[in-house]
Amino acid sequence: MTFVVTDNCIKCKYTDCVEVCPVDCFHEGPNFLVIDPEECIDCTLCEPECPAEAIFAEDDLPEDQAHFLDLNVALTKKWPVITEKKDPLPDAAEWDGKPDKLAMLEQ
């Protein structure tokens, strides 16, 4: 099993989760983070650290967010690993909790 970054991370990109990951499985894009399922060890440390509550265990993915599993897989192949916490995007607080942000994902 893996953990999956979902819609609410888009345009927020809080990186609190990155600091607690013992295997460096997070990858960073312009306005979104993803988890590499090949590296994730299901340690559960990242999920409670996400201020946007955008990380779910694969088995607990809401049905309307299931497509984010494939998206995480695809984007880990394109984006670099991130291992240190950074500041969130400048307008993260404004975007936190807004639904249906997939169209705003920058790849």
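The structure we're discussing is the one just above.
Read on for an overview of the structure. What you see is a predicted model; the values in this text were computed from it and never measured. Each residue is numbered by its place in its chain's sequence as written, counting from 1. The predicted nature of this model means local features are confined to residues of pLDDT at least 70 and side-chain atom pairs, given and counted, to a pLDDT of 80 or more, with totals for whole chains, interfaces and linings taken over all residues. Just so you know, side-chain values use all the structure's heavy atoms and leave hydrogens and water out.

### Let's talk about helix α2 (residues 67–76)
Relative accessible area decides the class of each residue, using a 1.4 Å probe on protein chains only: under 20% of the type maximum gives buried, over 50% gives exposed, and in between gives partly exposed. What counts as a helix is a DSSP run of H or I of at least four residues, what counts as a strand is a run of E of at least two, and both are numbered from the N terminus. Turning to α2, its buried residues number three or more, namely Phe 68, Leu 69, Leu 71, Asn 72, Leu 75 and Thr 76. Each buried residue of α2 lies within a common arc of 165 degrees when the element is viewed along its axis, so the set occupies one face. Between two residues, a contact is recorded if the distance between any of their heavy atoms is within 4.5 Å. Along its buried surface, α2 packs onto β1 (3–5), β2 (26–28) and β3 (33–35). Arc definition: directions from the helix axis to the C-beta atoms.

### Regarding the pattern of salt bridges
Counted as salt bridges are all cases of a side-chain nitrogen of Lys or Arg within 4 Å of a carboxyl oxygen of Asp or Glu. All told, the structure shown has 3 salt bridges when counted by the stated rule. Residue Asp 16 is joined to Lys 85 by a salt bridge in which the shortest nitrogen-to-oxygen separation is 3.2 Å. Of the two residues, Asp 16 is situated in helix α1 (residues 16–20) and Lys 85 in the loop between α2 and α3 (92–95); the sequence distance between them amounts to 69 residues. Looking at Lys 85, the relative accessible area reads 42%, which means it is partly exposed. The closest approach of N and O atoms between Glu 28 and Lys 86, which form a salt bridge, is 2.8 Å. Of this pair, Glu 28 sits in strand β2 while Lys 86 sits in the loop between α2 and α3, and the two are 58 residues apart along the sequence. On the basis of relative accessible area, Glu 28 is assigned to the buried category, the value being 15%. Residue classification places Lys 86 among the partly exposed residues on the basis of a relative accessible area of 41%. Several salt bridges converge on common partners, so that one network encompasses Lys 13, Glu 28 and Lys 86.

### Thoughts on the packing of aromatic side chains
Classification of ring pairs uses Phe, Tyr and Trp, with its six-membered ring standing for Trp, and accepts pairs whose centres are within 6.5 Å; under 30 degrees between planes counts as stacked, over 60 as edge-to-face, and the remaining range as tilted. On inspection of all chains with the given rule, the structure shows 2 aromatic pairs. Relative to Trp 79, the ring of Phe 32 has its centre 6.4 Å away and its plane inclined at 80 degrees; by these criteria the two rings are edge-to-face. Taken as a pair, Phe 32 in the loop between β2 and β3 and Trp 79 in the loop between α2 and α3 lie far apart in primary sequence, 47 residues in all. Charge over a ring is defined by NZ of Lys or CZ of Arg lying within 6 Å of the ring centre and within 35 degrees of the ring normal. Seen from the ring of Trp 95, Lys 98 lies directly overhead, with NZ or CZ sitting 5.1 Å from the centre.

### Quick word on empty space enclosed by the protein
We place a 1 Å grid over just the protein atoms. Points where a 1.4 Å probe fits but has no way out form a cavity, open points with protein on both sides within 12 Å along at least 5 of 7 lines form a pocket, and any residue with an atom within 4 Å of a point lines it. Grid points are joined across faces, edges and corners, and a volume is the space filled by probe spheres set on the points. Using the criterion set out here, one finds 2 cavities of 30 Å³ or more in the structure. Empty space within the largest cavity amounts to approximately 70 Å³. For the largest cavity, the lining is made up of 14 residues, of which Cys 21, Cys 25, Cys 40, Cys 43 and Cys 46 are closest to its centre. Looking at the lining of the largest cavity residue by residue, the class counts come to 12 nonpolar, 1 polar and 1 charged. When its volume is computed, the second largest cavity comes out at roughly 40 Å³. If you go around the second largest cavity, the residues you meet are Val 5, Cys 9, Tyr 14, Cys 17, Phe 26, Leu 33, Cys 50, Ala 52 and Ile 55. A breakdown of the residues in the lining of the second largest cavity according to their chemical character gives 9 nonpolar, no polar and no charged. Following the grouping adopted for this structure description, the nonpolar residues are Ala, Val, Leu, Ile, Met, Phe, Trp, Tyr, Cys and Pro, the charged ones are Asp, Glu, Lys and Arg, and the polar ones are all others, Gly among them.

Interpretation note: all reported values are geometric properties and have no functional meaning in isolation.
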